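# Topology and contacts: notes
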Amino acid sequence: MPLIRTERLTKSFGALTAVNEVTLEIEGGSLHSVIGPNGAGKTTFFNLLTGQFAPTSGRIIFDGRDIAGMPTHAVAHLGIARSFQRTSVFPALSLLDNVWLSAFARRPSWRGLAWRRADRYSELTARALRVLGEVGLREKAGQPAREISHGEQRQLELAIALAASPRLLLLDEPAAGLSPDETQKMVALVKTLKGRYTIVLIEHKIDVVMTMSDRISVMHFGSVIAEGTPAEIQRNAEVRRAYLGGIAAP
Amino acid sequence: MSPAWGEEAQPSNQSQSHSTVLNRPWLVILGAVVLLPVFVRHAIATEIWIFAIFGLGLNLLMGYTGLLSFGQATFFGSAAYVAGYLLKHHGVNVFVALLIGIVVGAVSAAVVGYLCVQRSGLYFIMLTFALNQMFYFTAYQWTSVTGGEDGMPGIPRPPMLGLDVRAPLAYYTVVAALFVLSLWVMKRVVESPLGKILQCIRENEPRAAALGYDAARMKLVAFVVGGAFSGLAGVLYAMLFGIVPLEAIGFVFSGNVVFATLIGGSGSLYGPVIGSFVFIWLSESVSAMWARWPLLLGLAFVIVVLFFRGGVVEAWARFWAWRATRGRRAPSAGADATH
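Attention now moves to the overall build of chain B. Each helix and strand in chain B was counted, giving 16 helices and two strands. Expressed as a percentage of its 339 residues, the buried residues of chain B come to 49%. Here the contacts in chain B between residues at least 6 apart in sequence split such that 77% fall between residues at least 24 apart.

To continue, consider the sheet that holds strand E3 (residues 31–35) of chain A. Hydrogen bonds between backbone groups are what pair the strands of a sheet, and the pairing can be parallel or antiparallel. Residues and elements named next belong to chain A. In spatial order, the strands read E6-E7-E8-E3-E9-E10; together these six strands make up an open sheet with mixed pairing. One side of each edge strand has no neighbouring strand; the edge strands of this open sheet are strand E6 (80–83) and strand E10 (223–228). Averaged over all neighbouring strand pairs, the angle between strand axes comes to 20°, with direction disregarded. Across five bridges, the pairing between strand E7 (residues 168–172) and strand E8 (residues 198–202) is parallel. Bridge pairing in E8 places leucine 171 opposite leucine 201. Of the strands in this sheet, E6 and E7 touch helix H5 (residues 150–162), which is tilted by about 180° from E6.

All names here are of chain B. Helix length check: helix H7 (residues 121–141) (21 residues) gives 31 Å between terminal C-alpha atoms against 30 Å at 1.5 Å per residue, within 8%. Within the sequence span of H7, burial applies to Phe124, Leu127, Thr128, Leu131, Asn132, Phe135, Tyr136 and Ala139. Check the buried side of H7 and you find it contacts helix H5 (73–89), helix H6 (94–116), helix H8 (143–146) and helix H13 (251–264).

Let's shift gears to the domain arrangement of chain A. Many structure descriptions define interface size as the accessible area lost when the parts assemble. All names here are of chain A. Domain parsing of chain A yields domain 1 (2–79 + 166–243) and domain 2 (91–153). Between the C-alpha centres of domain 1 and domain 2 the distance comes to 27 Å. Every contact between the two is made by six residues of domain 1 and, on the other side, four residues of domain 2. A class-by-class count of the residues in the side of domain 1 that touches domain 2 yields three nonpolar, two polar and one charged.

This next bit is on the packing of H13 of chain B against helix H14 (residues 271–289) of chain B. Residue and element names in this part refer to chain B. The contact between H13 and H14 brings their axes to 7 Å, and the two run at 115°. What the angle tells us is that H13 and H14 run roughly perpendicular. Viewed along their axes, H13 and H14 form a crossing whose handedness is right-handed. Where H13 abuts H14, its residues Asn256, Phe259, Ala260, Thr261, Leu262, Ile263 and Gly264 lie against Gly271, Pro272, Val273, Ile274, Gly275, Ser276, Val278 and Phe279. Its residues placed into classes, the contact of H13 with H14 shows nine nonpolar, six polar and no charged.

Our next topic: the interface of chain B and chain A. At the interface, 22 residues of chain B touch 27 residues of chain A. Among the secondary structure elements, those contributing two or more residues to the side of chain B that touches chain A are helix H9 (168–191), helix H10 (193–203) and helix H11 (205–211) of chain B. Looking at the side of chain B that touches chain A, its residues break down into eleven nonpolar, five polar and six charged.

Here we come to the sheet that holds strand E1 (residues 2–13) of chain A. Residues and elements named next belong to chain A. What the four strands build is an open sheet, ordered E2-E1-E4-E5; its pairing is antiparallel. At either margin of the open sheet sits one strand with a lone partner, and together these are strand E2 (16–27) and strand E5 (65–66). Strands in contact with helix H1 (residues 42–49) are E1, E2 and strand E4 (57–62); relative to E2, the strand with the most contacts, it is inclined by about 65°.

Let's shift gears to the confidence of the model for chain B. All names here are of chain B. Averaged over chain B, the pLDDT score is 87; the fraction of residues at 70 or greater is 90%. Contacts for the low-pLDDT stretch residues 1–18, under 50 throughout, to residues beyond four places or in other chains number 44 contacts. Counted against residues more than four places away or in other chains, residues 332–339, with its pLDDT under 50, gives zero contacts. We note a pTM of 0.88 for the whole complex and an ipTM of 0.91 for its interfaces.

Residue and element names in this part refer to chain B. Where helix H3 (residues 25–39) contacts H9, the axes come no closer than 11 Å and their chain directions differ by 165°. Between H3 and H9, the angle falls in the class roughly antiparallel. Where H3 crosses over H9, the two elements pack in a sense that is right-handed. In contact with Ile29, Val33 and Pro37 of H3, H9 contributes Leu169, Tyr172, Ala176, Val180 and Leu183.

Moving on to the pairing of E7 of chain A. Successive side chains on a regular strand alternate, one facing one side of the sheet and the next facing the other. Residues and elements named next belong to chain A. Among the five residues in E7, five count as buried, and that is most of the element. Relative to E7, E6 is paired through four bridges, and the arrangement is parallel. Across the sheet, alanine 81 pairs through a bridge with leucine 169, a residue of E7. A crossover connection joins E7 to the parallel E8 through helix H6 (residues 180–193); in handedness this β-α-β unit is right-handed.

Scoring rules and cut-offs
Residues numbered from 1 in each chain as written. Chains lettered and ligands numbered in written order. Predicted model: local features only at pLDDT ≥ 70, side-chain atom pairs only at ≥ 80, totals over all residues. Helix = DSSP H or I, 4+ residues; strand = E, 2+ residues; numbered from the N terminus. Buried ≥ 20, exposed ≤ 12 C-beta atoms within 10 Å, placed from the backbone. Contact = placed C-beta atoms within 7 Å. Pairing = 2+ DSSP bridges. Axes fitted to C-alpha atoms, helices over the stretch in contact; angles between N-to-C directions. Expected span 1.5 Å × (residues − 1). Domains from an automatic or database assignment. Nonpolar A, V, L, I, M, F, W, Y, C, P; charged D, E, K, R; others polar. Parallel < 35°, antiparallel > 145°, perpendicular 65-115°, else oblique. Left-handed = near helix turned anticlockwise from the far one by under 90°. pLDDT = per-residue confidence, 0-100. Right-handed = clockwise from strand over helix to strand, strands pointing away.

Right under this line is the structure:
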């Protein structure tokens, strides 16, 4: 049984249909990539999965439960975490606090919320530091997030998502705006996550997607025009048209 | 989105100070509590700590959550009227009156907050202001209870635990003790997970939601806690002057606490305390000598906004940082000169 599946998921903004009847299944433990030209509706698709937008129609079944239209914070409690395409961290807070807050949110009980000192949650602090170590930011844990480089902020972005111990991890172009060096590091990092998490990855760098993914869905003008293994996608004529400047709307 | 003040504010734990004084703020506070009545008139000294409690409540909203509430007098005044009425007409126990004030502050903040957190930015600010005006005009019209423009005079200051607190210094001691207690409670709140959650909502609300925090609900919690502090301050104020003036629920009063907190430094725990000291001292001492004292206040405000967004707290930290770098440079400059 897939961990999450969408059924004819649609989102319209006025006359524009950003996501058009997308039906998709993500197997637990797999790395499923979503590719497509700019404006294909990939990020909107993520925003639907995480509750930022309510879908116009269609269903989202996560772990046997329809979550379409649930508010964002409730979706997060189910174990769906995401990283953002445009870096979205807490600039004035330390890296440790950035990650710690993500870990705290997922606690089943919020006892001591307004009274227990935050630094007394030693198991959360330990987990936050471990996650920072995993992305290579352990030494900067005490620095405010606004003081680190763009590349490091991208790593922090990922660390915030990981600290939530997600059941489903949505990565929206984790390597956006990174130098070739930093991109390599990020790709290596995402590879270490493969198999440990169920991952949906939006990425533009086709070679990266081809080598890492278990399955690939291709979006174009809001619709999924192809789905399959990397090898199948590579042979698909329609995908080539979409990418090589064709105006082939389905 | 959060108003700009929140974004500029520094979390208190960040400015690890260079001075021994800043490392021991509790010593400074306790020293000030003991010394203030020696130098300042008792009533003014008492008012400073009352206003500081009021500021602590606002700062949780403005400094930590990034919500500029221009209606804090709603909670302050409501609590003062309700507790004042019960003290005056029903002779309730003073601790019951304080407790009722805290509850009235919290409940009125829950009602107002519930409506306000539905909107953000400018609309949020206008809602806090508009609802404040509603409470103000209710108090203005309801003369049979509130006394309208004349205020509600004749509020007694009953004995506490059998001790007479009518003497100014005795009442000062009570208020100062309650202030220290309030400061300690607020310190616990801002150092708790809630304090961090409010700050992350201030920094980036969509991200906070994506982590699993219901921003509206958390803002409401901040309102209620802040309202409880305002309520306590309101009752203490009524008992200090023996009257609830209509101004206690008016928008000028709401503005004053915002002013004072900004001057002291919003977003740091001790900012509103310093702000209250500056504000009340200026308004009560200088106003006696010079009728145009608000000019000074305006000047202080302009300086803060232009140069020290973090208020006196930031100015203080920057001064010590500057001294530290100068101290480090001076010996090396001397060494250069000998070569």
